[in-house]
Amino acid sequence: MPDQITVTLKCPVCSADPVTLITTDATLTGDSFARCKGCGHEFGRYLDMKSEARRLAAEFRDGGTWLGAYPSSFRNW
Ligand SMILES: [Zn+2]
């Protein structure tokens, strides 16, 4: 069981894979909104993305399959 899973995130709008995420906030907080650098698609709050990544990672660890809207998970978060 890996302690850490490195995964990538694909933009469902412009198909950037992996997507480069940006935020307009000078300081990244849990309430910062992450957007695709290429097309501006909003992925949601940093906090929500982190919890979703944890959920996906737990499913993966338990032998589940990736069923999220995005094909993998979150890089560097
Ligand atoms: Zn995009």
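So, a few notes on the structure that sits alongside this text.

Each value, and the rule that gives it
Residues numbered from 1 in each chain as written. Predicted model: local features only at pLDDT ≥ 70, side-chain atom pairs only at ≥ 80, totals over all residues. Pairing = 2+ DSSP bridges. Helix = DSSP H or I, 4+ residues; strand = E, 2+ residues; numbered from the N terminus. Buried ≥ 20, exposed ≤ 12 C-beta atoms within 10 Å, placed from the backbone. Core = buried A, V, L, I, M, F, W, Y, C linked by C-beta atoms within 7 Å. Contact = placed C-beta atoms within 7 Å.

Glancing now at the sheet that holds strand β3 (residues 42-45). The 3 strands lie next to each other as β1-β2-β3, forming an open sheet whose pairing is antiparallel. Every other strand in the sheet has two partners, leaving β1 (21-22) and β3 as the edge strands with one partner each. When β1 meets strand β2 (residues 33-36), the two strands line up antiparallel, connected through 2 bridges. Opposite Ile22, over in β2, you have Arg35 as the bridge partner.

Let's shift gears to unusual backbone geometry. With an omega of 5°, the peptide bond between Asp17 and Pro18 qualifies as cis. Structurally, the position occupied by Pro18 is in the segment before β1. Positive phi outside glycine occurs at Ser15, with the angle close to 65°. Here Ser15 lies in the segment before β1. Residue classification places Ser15 among the exposed positions, given that 10 C-beta atoms sit within 10 Å.

To continue, consider the pairing of β3. Sheet topology places β2 next to β3; 3 bridges connect them, and they run antiparallel. The residue bridging Phe33 from the neighbouring strand is Arg45, located in β3. Hairpin remark: β2 followed by β3, antiparallel, with 5 residues in the connecting loop; positive phi at Gly40, about 85°.

Attention shifts here to the nonpolar core. Formed by Leu9, Cys11, Val19, Leu21, Ala34, Cys36, Phe43, Tyr46, Met49 and Ala53, the largest nonpolar core amounts to 10 residues. Listing elements by their share of this core, those giving two or more residues are β2 and α1 (46-61). For this core, the element with the highest residue contribution is α1, accounting for 3 residues. The contact partners of Ala34, leaving out residues within four places of it in the chain, are Leu21, Thr23, Phe43, Gly44, Tyr46 and Met49.

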